[in-house]
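# Structure at a glance
Listed here are the chains, written in short residue letters.
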Amino acid sequence: MRIARFSIDGNVAFGAVEGDKQDELVLDIIKGIPFADYELSGTKVPLGKVRLLPPVLPNKVVAFGRNYREHAQELGNAVPEAPFAFFKPSTSVIGPGDDIQYPSFTEELHHEAELAVVIGRMCREVPRERVKDVVFGYTCANDITARDVQRREKQWARAKGFDSACPLGPWVETDLSVDAANDLTIQLTVNGEQRQLGRTSEMIHPIEDLIVNISEAMTLLPGDVILTGTTAGVGPLHVGDEVAVTIEGIGTLTNKVVKRG
């Protein structure tokens, strides 16, 4: 099931996305919230009549860096032996169609296409065999990065945590197994030109390892997001660019870059 979060007539709701053709998609409005008991209302609205929002509002976004060997190498970084985590604040999250605001403090804004894992239940110290029980679903992410700031500053808080640095969407796909999610095509285009292309099977540490690693240290809450790293091919974004992340079996997340006002 594809579950989207959206607004219509000033109201915010979740809905199940139905249909196959983009111009024929409809939302069956959900009664309740998807992280608890819910049911489909049977009230349906065309996708084109609503504004899609970030599919979740995470308490925290835990991102893992250098989890693809070729990406680490393209930036001249060593491949970490263990998963390497950092945080993006909830205020960095935007949804499909929202603008990526080019910050004034960087001259080198980069895209990073990533598979995002959405947590479905409160959990801590998750054993590897139970990872499938705590995953709600998967969505597309773009780990927008101020690369010059990242190189200059020892902490990545500003380089990767500024407002609009974490586009998510367009919805959460709940029907993928962990095994399937560990082997999906992931690609990114800028103005229609392909920049990144790879498979999640190229991750150094698969989804199970990442969730085991971070849940050893902290409690994960429903709606929290885990970013799993990016493939090779990261590169610059400029004001006016349209950037799109597409992941097999999930969908396409599209955003435009604008100058921060």
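Now for a quick tour of the structure.

Analysis parameters
Residues numbered from 1 in each chain as written. Predicted model: local features only at pLDDT ≥ 70, side-chain atom pairs only at ≥ 80, totals over all residues. Heavy atoms only, no water. Helix = DSSP H or I, 4+ residues; strand = E, 2+ residues; numbered from the N terminus. Rg over C-alpha atoms; globule rule 2.2 N^0.38 Å. Buried < 20%, exposed > 50% of the residue type's maximum accessible area, 1.4 Å probe, protein only. Contact = heavy atoms within 4.5 Å. Pairing = 2+ DSSP bridges. Axes fitted to C-alpha atoms, helices over the stretch in contact; angles between N-to-C directions. Salt bridge = Lys/Arg side-chain N within 4 Å of Asp/Glu carboxyl O. Patch = residues over 30% accessible without salt bridge, like charges linked within 9 Å, V, L, I, M, F, W, Y side chains within 5 Å. Areas by Shrake-Rupley, 256 points an atom, 1.4 Å probe, with all protein chains shown as cover. Core = buried A, V, L, I, M, F, W, Y, C linked by side-chain atoms within 4.5 Å. 1 Å grid on protein atoms, 1.4 Å probe; cavity = no way out; pocket = protein on both sides within 12 Å on 5 of 7 lines; lining within 4 Å. Points joined across faces, edges and corners; volume = space filled by probe spheres on them. Nonpolar A, V, L, I, M, F, W, Y, C, P; charged D, E, K, R; others polar.

A separate point is the overall build of the protein. Each helix and strand counted, the protein has 6 helices and 20 strands in total. For 261 residues, the compact-globule estimate of 2.2 N^0.38 gives 18 Å, and the C-alpha radius of gyration of the protein, at 17 Å, lies within 12% of that figure. Principal-axis analysis of the C-alpha atoms places the extent of the protein at approximately 55 × 45 × 30 Å. The burial tally for the protein puts 52% of its 261 residues in the buried class. For the protein, the share of sequence-separated contacts (at least 6 apart) that also reach a separation of at least 24 residues comes to 70%.

Here the focus is helix H6 (residues 207-215). Counting buried positions along H6 gives 7 out of 9 residues, so the element sits mostly inside the fold. Considered for burial, the residues of H6 that qualify are Ile207, Glu208, Leu210, Ile211, Val212, Ile214 and Ser215.

The pairing of strands in a sheet happens through backbone hydrogen bonds and is either parallel or antiparallel. Strand order across the open sheet formed by 5 strands is S9-S20-S19-S15-S16, with mixed pairing between neighbours. Taken across any chain shown, the strands that pair with only one partner, and hence form the sheet edges, are strand S9 (99-102) and strand S16 (193-199). Strand-to-strand twist in this sheet, taken as the mean axis angle between neighbours without regard to direction, amounts to 20°.

If charged atoms from side chains of opposite charge come close, those side chains can pair. By the definition in use, this model includes 14 salt bridges. Close ionic contact of glutamate 108 with arginine 151 constitutes a salt bridge, the shortest N to O distance being 2.5 Å. Note that glutamate 108 is positioned in the loop between S9 and strand S10 (109-111) and arginine 151 in helix H3 (residues 147-152), a separation of 43 residues in sequence. Residue class for glutamate 108 comes out partly exposed when judged on its relative accessible area of 23%. Two residues, lysine 160 and aspartate 143, come together in a salt bridge whose shortest N-O distance is 2.8 Å.

The next subject is the pairing of strand S14 (residues 166-173). For S14, a buried count of 8 out of 8 residues is recorded, marking the element as mostly surrounded by other parts of the structure. Sheet analysis places strand S1 (residues 2-8) next to S14, joined by 2 bridges and oriented antiparallel. Looking across to S14, one finds that arginine 2 is bridged to glutamate 173. In this structure, strand S8 (residues 93-94) lies alongside S14, joined through 2 bridges in parallel fashion. Looking at S14, one finds that isoleucine 94 is bridged to proline 167.

Residue proline 170 is bonded to the preceding glycine 169 through a cis peptide linkage, with omega at 5°. Positionally, proline 170 belongs in strand S14. Although it is not a glycine, serine 164 adopts a positive phi angle of roughly 80°. With respect to the secondary-structure elements, serine 164 resides in the loop between helix H4 (157-161) and S14. We classify serine 164 as buried; its relative accessible area is 3%.

This next bit is on a nonpolar patch on the surface. Residues Met1, Tyr38 and Leu40 make up a contiguous nonpolar surface patch of about 220 Å² in total accessible area. By the secondary structure assignment, leucine 40 is in strand S4 (residues 39-46).

Right, let's talk about the nonpolar core for a bit. Leu109, Leu115, Tyr138, Ile207, Ile211, Ile226 and Ile247 are the most contacted members of the largest nonpolar core, which has 45 residues in total. No other element matches H6, which puts 5 residues into this core. If near-sequence neighbours (up to four positions away) are discounted, isoleucine 211 is found in contact with Val117, Ile119, Val126, Val131, Val134, Val135 and Leu220. In terms of nonpolar packing, the next biggest core, distinct from the first, is built from 18 residues, Phe86, Phe136, Ala141 and Leu168 among them.

A few words on the sheet that holds strand S18 (residues 235-236). Spatial strand order, S13-S10-S18: 3 strands in an open sheet with antiparallel pairing. The sheet is open, and its two edges are formed by strand S13 (145-146) and S18, each paired on a single side.

As a further point, take the layout of surface pockets. Roughly 270 Å³ of volume is contained in the largest pocket. Forming the walls of the largest pocket are 19 residues, and the residues nearest its centre are Arg66, Asn77, Arg147, Gln150 and Trp156. Those elements giving two or more residues to the lining of the largest pocket turn out to be strand S6 (61-65), H3 and strand S17 (225-230). It is H3 that provides the largest number of residues to the lining of the largest pocket, a total of 3 residues. Its residues placed into classes, the lining of the largest pocket shows 4 nonpolar, 6 polar and 9 charged. Taken as a whole, the second largest pocket holds about 230 Å³ of empty space. Lining the second largest pocket we find 14 residues, and of these Gln22, Leu52, Pro170, Trp171 and Thr252 sit closest to its centre. Those elements giving two or more residues to the lining of the second largest pocket turn out to be S14 and strand S20 (251-259).

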